[in-house]
Amino acid sequence: MEFHHVPVLRDETIEMLAIRPNGVYVDATMGGAGHSFEIVSRLTEGRLIGFDQDAAAISASQKRLAGFGDKVTYVNQNFKNVKSALSELGIDRIDGALMDLGVSSHQLDEGERGFSYQADAPLDMRMDRRNSFSAYDVVNSYSEKQLEEIIFQYGEDRWARRIAEFIVKERQAGEIKTTLQLVEIIKKAVPKGARKDGPHPAKRTFQAIRIEVNGELTILRQAISDFVDCLTPGGRLAIITFHSLEDRIVKTAFADIAAGCTCPKEFPVCVCGKKPQGRPVNRKPIVAGEAELLDNPRARSAKLRVFEKVKIYQV
Ligand SMILES: C[S@@+](CC[C@H](N)C(=O)[O-])C[C@H]1O[C@@H](n2cnc3c(N)ncnc32)[C@H](O)[C@@H]1O
Ligand SMILES: [Zn+2]
């Protein structure tokens, strides 16, 4: 199957990356190579290292970018391993990087992957199918409290408690194995009146389970630090998020890394020794314009933040 992913905030992202034609760039989330295509098209002597933990995304990207030959290197790994993966490639500095977080439209379209509440499939949702932990484990083995917490926090669903309660009740009669079984349970839990006009009642729970299965929020903070460490002076890290918790992690991480010192305020002198590493380029996140929203409703929740590594270290 072909990817049909419209790269979100394409022009804004490319502009913010301020690409140097002979630079080394990392696309941490290649997906269907929409952004990668734009980046690599602007390189002359430079190269692009593309990460995706999903093998299907890597092969789709390889097809799409075949014309660029060895300008592109593909890494089928979680981007949390950026430092070790780059050092294996003999790369010690990069000029820019992009993370376009979350699920790809291809993953949603491939019904059998279990990401979609519209297609019947085994409960899976693993981006990296080499991992054994899946949506099945979350739905069948988490306690009611744990389910409520992830559905509330990662799904921001006000019916989290009832949905968790119904899942636990239903699974006493036997394992919950498929996406549509789960959808039916959620429909029972969310009162009819509350479903009118809103998004599909299962949308938020599916998002929550996907974030949990793939540890999407837990790896992010450290990964941001690691990417900033890898940047050359003046290099930029651009991050597109689709979730308010994710955006908060990015915003706070950029502010912390910009501040450097992490000593408690009451300390008279700095003992941590951490220096400011750069600055967030935009104070407010960049969001999609009207034209893009008409074309791609998914862009509605997209937020782009960019960090620039300090040009010269202050002493
Ligand atoms: C929103 S899509 C990216 C789409 C891409 N920018 C494009 O234009 O086609 C996100 C992709 O990132 C991958 N992904 C998400 N988290 C990842 C992680 N921690 N490490 C590696 N890949 C990840 C997913 O498998 C998915 O293919
Ligand atoms: Zn300090």
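Within each chain, residue numbers correspond to sequence positions counted from 1 in written order. Chains carry letters and ligands carry numbers; both start at the beginning, A for chains and 1 for ligands, and go up in the order they are written. Restriction of local features to residues with pLDDT of at least 70 applies here, the model being predicted, together with a cutoff of 80 or more for giving and counting side-chain atom pairs; totals for whole chains, interfaces and linings are based on all residues.

## Things to note about the overall build of the protein
The helix and strand inventory of the protein stands at 14 helices and seven strands. Relative to a compact globule of 315 residues, whose C-alpha radius of gyration would be 20 Å, the protein shows 21 Å and is just as compact. Projected onto the principal axes, the alpha-carbon positions of the protein cover approximately 60 × 55 × 40 Å. Looking at the protein residue by residue over its 315 residues, the buried ones come to 44%. Think of it this way: build a C-beta for each residue from its backbone, and any pair within 7 Å is a contact. Put simply, 67% of the contacts in the protein that link residues at least 6 apart link residues at least 24 apart. Per the convention used, a helix needs a DSSP run of H or I reaching at least four residues, while a strand needs a run of E reaching at least two, with both numbered from the N terminus. All radius of gyration figures rest on C-alpha atoms, and the globule criterion is 2.2 Å times the number of residues raised to 0.38. With C-beta atoms placed from the backbone, the exposure class of a residue follows from how many other C-beta atoms lie within 10 Å of its own: 20 or more, buried; 12 or fewer, exposed; in between, partly exposed.

## Things to note about the site of ligand 1
Nearness between a residue and a molecule or strand is assessed with a C-beta atom placed from the backbone; a distance within 6 Å qualifies. Not every one of the 21 residues close to ligand 1 is listed here, only the nearest: Thr29, Gly31, Gly32, Gly34 and Asp100. Among the residues forming the shell around ligand 1, the class breakdown is seven nonpolar, 10 polar and four charged. Residues are grouped as follows: nonpolar covers Ala, Val, Leu, Ile, Met, Phe, Trp, Tyr, Cys and Pro; charged covers Asp, Glu, Lys and Arg; every other residue, Gly included, is treated as polar.

## Quick notes on the domain arrangement of the protein
Structurally, the protein comprises domain 1 (10–102 + 217–309) and domain 2 (115–213). Boundaries between domains were set according to an automatic or database domain assignment. Measuring from the centre of the C-alpha atoms in domain 1 to the corresponding centre in domain 2 gives 30 Å. Facing six residues of domain 1, the contacting portion of domain 2 comprises five residues. Among the residues making up the side of domain 1 that touches domain 2, the classes are represented as three nonpolar, two polar and one charged.

## Topic: helix 13 (residues 244–259)
Each residue after the first adds 1.5 Å to the expected span of a helix. In this model helix 13 runs 22 Å from its N-terminal to its C-terminal C-alpha over 16 residues, within 8% of the 22 Å that 1.5 Å per residue would give. Along helix 13, the positions that sit buried rather than exposed are Glu246, Asp247, Ile249, Val250, Ala253, Phe254 and Ile257. All buried residues of helix 13 lie within an arc of 155° about the axis, which places them on one face of the element. Summarising the geometry of helix 13, the exposed residues directed more than 90 degrees from the buried face are Ser244, Arg248, Thr252, Ala255 and Ala259. Next to the buried residues of helix 13 lie helix 12 (220–230), strand 5 (231–241), strand 6 (278–280) and strand 7 (303–309). This arc describes the spread of directions from the helix axis toward the C-beta atoms.

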